[in-house]
There are 2 protein chains.
Amino acid sequence: MARKLTIRDIARLAGVSKSTVSRVLNTKQDVDPATRERVLRVIEEQTFVLDMSAAKLAGGRSRLIGSLVPSLAWPLMSEIMRGISDVVAQSPYELLLYSITKNQVHEEQQQVISRILHSNLASGLLAVFPGPATPYLTELYEKGFPVVIIDDRGEPTSVPWVSADNRVGAYAATRYLLQMGHRRIAYIQGPVEYRASQARYQGYCDALQEAGLAIDPTLIQQGDFTPTSGCAPAEIFLSMADRPTAIFAGNDQMAYDVLTVAHKHGLRIPRDLSLVGFDDIPPSAYLSPPLTTVQQPFYQMGKQAAELLLSLLDVSSSSALNTLSKSLSIRLVTDLVVRDSCSPPRTVKGY
Amino acid sequence: MARKLTIRDIARLAGVSKSTVSRVLNTKQDVDPATRERVLRVIEEQTFVLDMSAAKLAGGRSRLIGSLVPSLAWPLMSEIMRGISDVVAQSPYELLLYSITKNQVHEEQQQVISRILHSNLASGLLAVFPGPATPYLTELYEKGFPVVIIDDRGEPTSVPWVSADNRVGAYAATRYLLQMGHRRIAYIQGPVEYRASQARYQGYCDALQEAGLAIDPTLIQQGDFTPTSGCAPAEIFLSMADRPTAIFAGNDQMAYDVLTVAHKHGLRIPRDLSLVGFDDIPPSAYLSPPLTTVQQPFYQMGKQAAELLLSLLDVSSSSALNTLSKSLSIRLVTDLVVRDSCSPPRTVKGY
DNA sequence: CTGTTAGCGCCTTCAA
DNA sequence: TTGAAGGCGCTAACAG
C-alpha cells in the first residue's frame, strides 16, 4: 500500500514550500493565482488528500461533525439521517454517529456528550431529540461550540434548532376530528421529557378549548412513544362506559396499539372509533385501515438542520462571530394526511 | 471554555511522565499496578479524554471505524445500524457514517471509498450491501485494510463477511407454498447486482426443482427492491390468463406492491392469491393481511459484523497477522414468519 | 518499570 | 507573495 503523500511531497513536486501548499488547501487569499493553479494541478494528479488528524492537531478545523441520535430503532430516524447525510455528503465534512438509548440515565448521556467534546473530533454537533440533554447542549453552545438541535423548542434556548410544528400539527388533527362531529376525543400523550410531546398536547388542548370544550382529564393517558406503550391507555379508554368516539395518539406507534386493542374489543375502525396518529412513519399507509395522521417532514428536518450547522461552522471559522444571527431557528409545517381511519361518530351526542 | 487538558497535564498531576500516561491509556503491560492506579484516578477526576487526532497522528490507531451504507431509506438499515452502533458504543471506537445512494454510478461510489481511505480517518470499514463496489473492497482488504462486508457471499472473496442465509430463507418460503399445494408460484426477483438477490432466486429454484417442478420463465419478473418496483411484475402476473396462485416477492417492499395491485384487480389475499415476502420489515406485521415473510436478523447482522471488524482491528494492531484466520465468515439463519397472507390454492390443479 | 527524545503531517506566526 | 521555524498532543523507540 503505497505510502500516503504528504503536503511535503506535493510541495516538492510543485516546487514550492509546504506553507504555500497549506495556503492553497485552505483557500487563503494571499497566493499567486499561477502558483495556486500549479499546486492544485499537482494535488489533482496525485489524488492527494489532506490528513484530517494532522490538520486538526495543527489547529485547523476538523471537518467532522457529530450527530447525536436517540435510538436508531425509531422508524423516523432513518429519514432524518438521510436528510443529514445527503447534505454532509455534498460538503467537505464527514459524519460521526453517536447514539443514545432511552434507557441510559442522564448521567450516561452526558458522558457521551462529554466524550464527543473531549475526544476533540467533531467541530460541530447535530442533536436529534436530545430530550433531557438539552440544557447541557445549550451550555455547550453558549460556550462557543456549534450545535443545532432537531426537536421542538423548549425553554427559551439560544441554541439554533429545527423542528416540525408539533403544536399546529396536533391542533389540525384535533380540529379535523372536531369538525367531523366528535366531542369525546381522547388523547394518548407521549413522554413529557420531549418538547415535541408537550407541544402536541398543547395543540390538542388548544383545539378543544377553541371549540368550547373543557379538557377532560379522564380522556388523557400517557404512553411513551414506543411500541405497545399505547396498549394500556387504549385499554382504559375502550373499557370506559362512556367511551370516546375518537382517539388521537401522540404518535403512530401508539396508534397501532389502539388498532390492536380496538380489534380485541370487537370495535371496528373507523365505524366504531376514529383514530388519528402523528408522524406518518412508513407502516401507517399500509395499515388497515390506512391511518390518518400528521405527517412530519423528517427528511427536510435533517437536511435543514445539517445545512444550518454547516453555515454555523463556516461563520465561526471565518470572520464574523455569531453576533449578527441570534437564535437561528426553523419551524417546518406538518401535513394532516387524511386516510381512512376516521369517520363521523355513529351517534352524535348533544352537548 | 476551560482549556482542554493534555496527557502532559495529567502526567504532572500524577507525578509521572507523559509516556507513562500514554502507556496507561493504551493499556500496555509494563506499568506498575500502583502507578497505573494513580494515573487512572487522576484521569477519572479530571475527566480527561485523549485527543484522537493527536493519537492518530503519532502513529497509533485511529479508533474510528467507517460504515459504508446504501440508502438509509431502506427500512432494514436502521436495525443493522442499531446493531453496529450498539457494539461500537461499547468499544473505544467511534463510528463514521458514509452513505452511498443507488443512483450514484460506480465511479462515484469508488470515489467515496477512496475518500474514506485517503482521508485516513477510519482504521477499518464495515460495508453494508456494497453491491458493485465489492471487488474494490476485496482489493482493499487484500492490501491489508480491515473490511467486513454485510451481504451474501459473492464470488469467492477473501473478505470477512456476515450475512443471512438468503438461499435457505427463500427455499423455506417456497417450500412452504409448495406444501400448501401451490404449483404455479411466481417470483419477483430483486436486482441482480446484489448477492442477496441472487441467493434468494437460487433458493426459489432449488425448492421448485426439488419438488420436481420446472422453472417457468414466465413466472419470473424483475423488480429492484424499491417501493413500487413490484407493481409492474405484479400487474403482469395477475393479468395472465392462467395466473399464479401464489407470488413470492424478493423483498417485503415489492410484496406490498403485489398487495396493492391485487386489490386493484379485485383479488383477495390469501383467498385468491397467496403472498410471501422477504425481510420482515416493520410494516409487514401491520398489513392486512399481515404478511407471511422470511425474517432476516438485521440487528444481529450489524452486531456480529461490528464485532468481527473489531476483532480484526485488535489482531492487526497487536501481534498475530491475519494468517491464522483465513476467510472469516458468519451466516445467520433466517426465520419464516407465518402470518395470514397464504392459504392453499382455491382449486388445486392436477399436475 | 519509567523517563527522554524524536517526530507524525499540518497550520501559523514571522521574516524576507 | 513566499519560505523557514516552531509546535499542536500523542506514541514509539531507546535508554536507564
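This structure is a prediction, so every number in the text was calculated from the model and none was measured.

1. With respect to the overall build of chain A
Looking only at helices and strands, chain A features 12 helices and 12 strands. Among the 351 residues that make up chain A, the fraction classed as buried is 53%. For chain A, the share of sequence-separated contacts (at least 6 apart) that also reach a separation of at least 24 residues comes to 69%. The positive charge centre, built from 34 side chains, and the negative charge centre, built from 34, are 3 Å apart in chain A.

2. Remarks on the protein's contact with DNA strand C
Neighbouring residues of DNA strand C: 25 residues in total, closest Ile7 of chain A together with Ser19, Thr20, Arg23 and Thr35 of chain B. Of everything in DNA strand C that lies within 4 Å of the protein, sugar and phosphate atoms constitute 57%. The separation between a base nitrogen of DNA strand C and a polar side-chain atom of lysine 18 of chain A is 3.1 Å. Threonine 35 of chain B has a polar side-chain atom sitting 2.4 Å from a phosphate oxygen of DNA strand C. Secondary-structure elements contributing two or more residues to the surface near DNA strand C are α2 (18-25) and α4 (52-57) of chain A together with α2 (18-25) of chain B. Here the element with the most residues in the surface near DNA strand C is α2 of chain A; it accounts for four residues.

3. Some details on the pattern of salt bridges
All names here are of chain A. Evaluation of the coordinates by the stated rule reveals 31 salt bridges over all chains. Of the charged contacts, one joins glutamate 79 and arginine 82 as a salt bridge, the two residues approaching to 3.0 Å between their closest N and O atoms. Taken together, the positions of glutamate 79 and arginine 82, both in helix α5 (residues 77-89) and three residues apart, correspond to about one turn of that helix. Among the residues examined, glutamate 79 registers a relative accessible area of 25% and is labelled partly exposed. Residue arginine 82 is classed as partly exposed on the basis of its relative accessible area, which comes to 22%. Ionic pairing is found between arginine 331 and aspartate 152, a salt bridge with its closest N-O pair at 2.4 Å. Of the two residues, arginine 331 sits in strand β11 (residues 329-332) while aspartate 152 sits in the loop between β4 (147-150) and β5 (161-164), which places them 179 residues apart along the sequence. A relative accessible area of 41% means that arginine 331 is categorised as partly exposed. For aspartate 152, a relative accessible area of 7% puts it in the buried group.

4. Structural notes on the sheet that holds strand β6 (residues 185-189) of chain B
Residue and element names in this part refer to chain B. The mixed open sheet is built from six strands, whose spatial order is β7-β6-β8-β9-β10-β12. Two strands lie at the open edges of the sheet, namely β7 (220-222) and β12 (335-337), each paired on one side alone. On average, each strand axis in the sheet is tilted by 20 degrees relative to the strand beside it, whichever way the strands run. Here four bridges tie strand β9 (residues 274-279) to strand β10 (residues 292-295), and the two strands are oriented parallel to one another. Across the sheet, phenylalanine 278 pairs through a bridge with valine 294, a residue of β10. Across the sheet, helix α11 (residues 252-264) is in contact with β6, β8 (246-249), β9 and β10; its angle to β9 comes to roughly 155 degrees.

5. Quick notes on the environment of arginine 41 of chain B
With respect to the helices and strands, the residue arginine 41 of chain B is situated in helix α3 (residues 33-46). When the C-alpha atoms of arginine 41 of chain B and phenylalanine 145 of chain B are compared, they prove to be 36 Å apart, with 104 residues separating the residues in sequence.

6. A word on the relation of the copies chain A and chain B
When chain A is fitted onto chain B, the two copies agree to an RMSD of 0.6 Å after a turn of 180 degrees and an axial shift of 0.3 Å. Here the two chains are linked by the operation of a two-fold rotation axis. By residue overlap, the copies meet face to face through one surface: 100% of the interface positions of chain A are interface positions in chain B.

7. Looking at the sheet that holds β5 of chain A
The strand order across the open sheet built from 12 strands is β11(A)-β5(A)-β4(A)-β3(A)-β1(A)-β2(A)-β2(B)-β1(B)-β3(B)-β4(B)-β5(B)-β11(B), with neighbouring strands paired in mixed fashion. If you trace the sheet from one side to the other, it starts and ends with β11 of chain A together with β11 (329-332) of chain B, each paired once. Here the strands of the sheet are splayed against their neighbours by 20 degrees on average, with no regard to which way each runs. Sheet analysis places β4 of chain A next to β5 of chain A, joined by two bridges and oriented parallel.

8. Focus on the packing of helix α1 (residues 7-14) of chain B against α2 of chain B
In a pair of packed helices, the angle between the axes and the distance between the axes together describe the arrangement. All names here are of chain B. Two elements in contact, α1 and α2, have axes whose closest approach is 8 Å; the angle formed by their N-to-C orientations is 105 degrees. Our classification of the angle between α1 and α2 gives roughly perpendicular. Touching Ile7, Arg8, Ile10 and Ala11 of α1 are Lys18, Val21 and Leu25, all from α2. Looking at the contact of α1 with α2, its residues break down into five nonpolar, no polar and two charged.

9. Focus: the domain arrangement of chain A
All names here are of chain A. Domain boundaries in chain A define domain 1 (23-30 + 52-159 + 300-332) and domain 2 (166-296). Computed from C-alpha atoms alone, the centre-to-centre distance between domain 1 and domain 2 is 33 Å. Contact with domain 1, which involves 13 residues of that partner, is made by 11 residues of domain 2. Of the roughly 1100 Å² buried between domain 1 and domain 2 on both sides combined, carbon and sulfur atoms contribute 60%. The largest contributions to the domain 1 side of the interface with domain 2 come from Pro75, Lys102 and Asp152, which together make up 43% of the buried area. Counting across the interface, domain 1 meets domain 2 through zero salt bridges. Of the residues that constitute the side of domain 1 that touches domain 2, the class distribution is six nonpolar, two polar and five charged.

The rules behind each value
Residues numbered from 1 in each chain as written. Chains lettered and ligands numbered in written order. Predicted model: local features only at pLDDT ≥ 70, side-chain atom pairs only at ≥ 80, totals over all residues. Heavy atoms only, no water. Helix = DSSP H or I, 4+ residues; strand = E, 2+ residues; numbered from the N terminus. Buried < 20%, exposed > 50% of the residue type's maximum accessible area, 1.4 Å probe, protein only. Contact = heavy atoms within 4.5 Å. Lys, Arg positive; Asp, Glu negative; His and termini not counted. Charge placed at Lys NZ, Arg CZ, Asp CG, Glu CD. Near = heavy atom within 4 Å. Polar contact = N/O pair within 3.5 Å; in protein donor to acceptor, adjacent residues only side chain to side chain. Salt bridge = Lys/Arg side-chain N within 4 Å of Asp/Glu carboxyl O. Pairing = 2+ DSSP bridges. Axes fitted to C-alpha atoms, helices over the stretch in contact; angles between N-to-C directions. Least-squares fit on C-alpha atoms with pLDDT ≥ 70 in both. Parallel < 35°, antiparallel > 145°, perpendicular 65-115°, else oblique. Nonpolar A, V, L, I, M, F, W, Y, C, P; charged D, E, K, R; others polar. Domains from an automatic or database assignment. Buried area = accessible area lost by both parts, 1.4 Å probe.

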